[in-house]
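# Examining the three-dimensional arrangement
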Amino acid sequence: MTTLIKGGTVVASTGAALAEVLIDGEQVAALLQPGSAIATAAEAGAQVIDASGKLVVPGGVDVHTHMELPFGGTEASDDFESGTRAAAWGGTTTIVDFAVQRYGEAVRDSLDVWMAKAEGNCAVDYGFHMIIGDVTNDSLKEMDLLVDEGITSFKLFMAYPGVFYSDDGQILRTMQQAAGNGGLIMMHAENGLAIDVLAEQAFERGDTSPVNHGYVRRKELESEATHRAIQLAKVGAAPLYIVHLSAREALEQVAIARDRDMNVFAETCPQYLYFSLEEHLDRSGFDGAAYVCSTPLRSHHEHHQQELWRGLRSNDLAVVSTDHCPFCMKEQKELGLDDFRAIPNGIGGVEHRMDMIYQGVRTGEIGLARWVELCATTPARMMGLYPRKGIIAAGSDADIVIYDPDKVWTISVDNHHMNMDHSAYEGVEVTGHVDTVLSRGKVIVDNGQYLGRKGDGRYLPRSLCQYLQ
């Protein structure tokens, strides 16, 4: 079956133009000049979608999600079915989640567990990174095999001692292995040992409320860890990708490395662009627990948000992901009612990334093409999915979002589709709305209706990062 999307403005990372998109089966067949003889002929035998007055953009690619992640005695409230369905509602048609190897487990066995969680359940296409939680000789050898099988990125943690933490020696060994197999090292860059000291001292003083999560995870400890990760990557000759960067001081370290032509990249997340310690994490009572995430929200007095937007413009921040890791307030976040250290870390946002970053277009922080670049094209290239994903072009998968740039609406727990009992974005008014979503040529969201089904998504083996110098 062929489909023709007509009347819309097609946006790429290089600019926008009026064009008609011809889809044949699961792939884009051609971009056609409106009113041309070829377009007219194509329309005669096609299902036509009218995108007049709308933006036609590549489906979003969110390369940092955590469905079903075990954390703090519970697990993320979205499974692969509910989380990917919510992603689709928000215009994201590809996710890359994290398979988790914990201490004492074999990498292959851990990967198989996560493959089984996702298989047959995802609403959109998906891939995996591999968390290496136990660096051993066997784990390092498994990295080579995983790269050959299309899992080409590996996450390490400088935080969470006793859970995921790797010391500098383990990090260096993993980076050396990645230098040989071409894999990308993803780093949670916070000095976890120092944070735990500050957290214990705060608790002993009786400072137990959620805002203390932000106080003890200091900006200096994110900056120091980012600097250390970069230096280890230099010694290990490995490409490095800093996840969920939130502090301007950490961004400075990334900018210095990039100015020296190192293979260092970084992402940020919508919560760091819009939320702050004072306005969200320091809410009365226990309400701030909804905003406990790591890295934490930063003080608006220190201009972190402005610097992150500048980083997005300068490309020192190359990607916007969500770090989607939702927990309900009841029975999950409330595990930390008497101790902020026990609050599960995470915010649900996979459904709102495209809209929230589009607000930056509305306010002049970024341009229209940069929106597409940050949310679709660069993440696809960064994680070895381009040109299958991240672009509307002949031969690419027909993952397409028809976006109303002018519709005004308000985000609420009452209208989101994530499996959560609250919304971090409750009451936020946005301009811009996902109207229609196609995944590999199939309409899965249209006019307020979900038309997809469980298992529509396919697993995506990935090639290497396409930005390595």
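I will try to describe carefully the structure that is included in this document. In every chain, residue numbers begin from 1 and rise along the written sequence. Local features in a predicted model are, by the rule used here, given only for residues with pLDDT of at least 70; side-chain atom pairs are given and counted only at 80 or more, and totals for whole chains, interfaces and linings are based on all residues. Only hydrogens and water are set aside when side-chain values are computed; all heavy atoms of the structure are taken into account.

With that out of the way, let us pick up the overall build of the chain. When helices and strands are counted, the chain shows 14 helices and 21 strands. Here the chain has a C-alpha radius of gyration of 21 Å; the compact-globule value for 469 residues is 23 Å, and the two agree. Seen through its principal axes, the chain has C-alpha atoms that stretch 75 × 50 × 40 Å. For the chain, the proportion of contacts with a sequence separation of at least 24, taken over those separated by at least 6, is 76%. Taken as a whole, the chain presents about 16900 Å² of accessible surface, with 48% of it coming from carbon and sulfur. Positive charges come from Lys and Arg, negative ones from Asp and Glu, while His and the chain ends are left out of the count. Every charge is mapped onto a representative atom, which is NZ of Lys, CZ of Arg, CG of Asp or CD of Glu. Of the side-chain charges in the chain, 38 are positive and 65 negative, and the distance between the mean point of each set is 3 Å. Only DSSP runs of H or I reaching four residues or more are called helices, and only runs of E reaching two or more are called strands; each is numbered from the N terminus. As a reference, a globule follows 2.2 Å times the number of residues to the power 0.38, and the radius of gyration itself is taken over C-alpha atoms. Throughout, a contact is declared for two residues whenever any of their heavy atoms are within 4.5 Å. To be clear on the numbers: accessible area is Shrake-Rupley with a 1.4 Å probe, and residue cover counts the displayed protein chains and nothing else.

To continue, consider the packing of aromatic side chains. By convention, a stacked pair of Phe, Tyr or Trp rings (six-membered ring in the case of Trp) has centres within 6.5 Å and planes under 30 degrees apart, an edge-to-face pair has planes over 60 apart, and any other such pair is tilted. Using the criterion set out here, one finds 16 aromatic pairs in the structure. Plain terms: the ring middles of Phe71 and Tyr160 are 5.4 Å apart, the flat faces sit at 80° to each other, and that makes the pair edge-to-face. Of this pair, Phe71 sits in strand S9 (residues 70-71) while Tyr160 sits in the loop between strand S13 (153-157) and helix H5 (168-181), placing them 89 residues apart in sequence. Through successive ring pairs, a cluster of aromatic residues spans Phe71, Phe157, Tyr160, Phe164 and Phe327. Geometrically, a lysine NZ or arginine CZ counts as sitting over a ring once it is within 6 Å of the ring centre and also within 35 degrees of the ring normal. Looking at Lys155, its charged tip hangs above the ring of Phe98, at a distance of 4.6 Å from the centre. Positioned over the ring face of Phe203 is Arg341, at 4.2 Å from the centre of the ring.

Another point: the nonpolar core. To qualify as a nonpolar core, a set must consist of buried Ala, Val, Leu, Ile, Met, Phe, Trp, Tyr and Cys residues joined through side-chain atoms within 4.5 Å. Buried means the residue's accessible area, taken with a 1.4 Å probe over protein chains only, is under 20% of the maximum for its type, while exposed means over 50%, and partly exposed covers the values in between. Membership of the largest hydrophobic core comes to 133 residues, with the highest contact counts inside it found for Ile185, Met187, Leu240, Tyr241 and Trp371. The contact partners of Leu240, leaving out residues within four places of it in the chain, are Met175, Leu184, Ile185, Met187, Ala229, Ile230, Ala233, Asn263, Val264 and Phe265. With 14 residues, the next largest nonpolar core counts Ala19, Val21, Val56 and Ile392 among its residues.

Our next topic: the sheet that holds strand S6 (residues 47-50). By definition, two strands form a pair when at least two bridges between them are found by DSSP. Within the open sheet, the 4 strands sit side by side as S5-S4-S1-S6. Their pairing is mixed. Single-partner strands in this sheet number two, and they are strand S5 (27-32) and S6. Sheet twist, expressed as the average angle between the axes of neighbouring strands with direction ignored, equals 20°. Both strand S1 (residues 2-6) and strand S4 (residues 20-24) contribute to a ladder of 4 bridges, which runs antiparallel. Counted as the bridge partner of Leu4 is Leu22 from S4. To obtain each axis, a line is fitted to C-alpha atoms, and for helices this fit is confined to the stretch in contact; angles are then taken between N-to-C directions over 0 to 180 degrees.

With respect to the helices and strands, the residue Val11 is situated in strand S2 (residues 9-12). Between the C-alpha atom of Val11 and that of Ser246, which follows or precedes it by 235 residues, the distance is 28 Å. With near-sequence residues (within four places) excluded, Val11 lies in contact with Ala16, Leu55, Val56, Val57, Pro58, Leu368, Ala369 and Val372.

Note that the residue after Ser294, namely Thr295, is joined by a cis bond; omega there is 0°. The residue Thr295 is located in the loop between helix H11 (277-281) and helix H12 (304-314) in this model. Residue Tyr386 is joined to Pro387 through a cis peptide bond whose omega torsion reads 5°. Relative to the helices and strands, Pro387 resides in the loop between helix H14 (368-382) and strand S18 (400-410). Look at Asp323: it is not a glycine, yet its phi comes out positive at around 55°.

Another aspect to go through is the pattern of salt bridges. Here, a salt bridge means any Lys or Arg side-chain nitrogen found within 4 Å of an Asp or Glu carboxyl oxygen. As enumerated under the stated definition, the model contains 30 salt bridges in all. In this structure, Arg458 engages Glu26 in a salt bridge whose closest nitrogen and oxygen atoms are separated by 2.7 Å. With Arg458 in the segment after strand S21 (449-450) and Glu26 in the loop between S4 and S5, this residue pair connects regions lying 432 residues apart in the sequence. Of the charged contacts in the structure, one is a salt bridge between Lys389 and Asp397, with a shortest N-O distance of 2.8 Å. For the pair Lys389 and Asp397, a shared accessibility class is recorded, and that class is buried. Residues joined by salt bridges that share partners form a network here, namely Glu26, Asp125, Arg388, Lys389, Asp397, Asp399, Arg440 and Arg458.

Let's shift gears to the side chain of Asp355. Tracing the chain through its elements places Asp355 in helix H13 (residues 353-362). N or O atoms within 3.5 Å of each other form a polar contact, as long as, within protein, one can give a hydrogen and the other can take it, and as long as residues adjacent in sequence are counted only when both atoms are side-chain atoms. In this structure the side chain of Asp355 is engaged in a polar contact, spanning 2.6 Å, whose partner is the side chain of Tyr403. Apart from residues no more than four positions distant in its own chain, Asp355 is found in contact with Tyr403, Trp409, Gly432, His433 and Val434.

What follows deals with the side chain of His213. Position of His213 among the secondary structure elements: in helix H7 (residues 211-216). Those residues in contact with His213 that sit more than four places away from it in its chain are Val292, Cys293, Ser294, Pro296, Phe340 and Asn345.

Turning our eyes to something else, we now look at helix H9 (residues 248-259). Working rule for helices: expected span equals 1.5 Å times residues minus one. The first and last C-alpha atoms of H9 sit 16 Å apart over 12 residues, in line with the 16 Å expected at 1.5 Å per residue. Among the residues making up H9, those that are buried are Glu249, Ala250, Leu251, Gln253, Val254, Ala255 and Ala257. The elements touched by buried residues of H9 are helix H8 (219-236), strand S15 (240-242), strand S16 (264-268) and H12. Backbone geometry just downstream of H9 places Asp261 in the positive-phi region, at approximately 65°.

Each strand in a sheet pairs with another by means of backbone hydrogen bonds, the pair being arranged parallel or else antiparallel. A sheet is described by the order of its strands in space; here 8 strands give the open sequence S8-S11-S12-S13-S14-S15-S16-S17, paired in parallel fashion. What marks the edges here is a single partner per strand, and that holds for strand S8 (60-62) and strand S17 (319-320). One ladder, built from 2 bridges, connects S16 with S17; its direction is parallel. Bridge pairing in S17 places Glu267 opposite Val319.

The next point concerns the packing of H8 against H9. Their axes nearest at 7 Å, the elements H8 and H9 cross at an angle of 20°. The orientation of H8 with respect to H9, classified from their angle, is roughly parallel. The two elements H8 and H9 meet at a crossing, and its hand is right-handed. Judged by residue contacts, Lys219, Glu222, Ser223, Thr226, His227 and Ile230 of H8 engage Glu249, Ala250, Gln253, Val254 and Ala257 from H9. Throughout, the ten residues Ala, Val, Leu, Ile, Met, Phe, Trp, Tyr, Cys and Pro are labelled nonpolar, Asp, Glu, Lys and Arg are labelled charged, and all others, Gly among them, are labelled polar. Residues belonging to the contact of H8 with H9 are distributed by class as follows: 4 nonpolar, 4 polar and 3 charged. What sets the label is the angle itself: under 35 degrees gives roughly parallel, over 145 gives roughly antiparallel, 65 to 115 gives roughly perpendicular, and the rest give oblique. Each helix crossing is assigned a hand: it is left-handed if the near helix lies turned anticlockwise from the far helix by less than a right angle, otherwise right-handed if that turn is clockwise.

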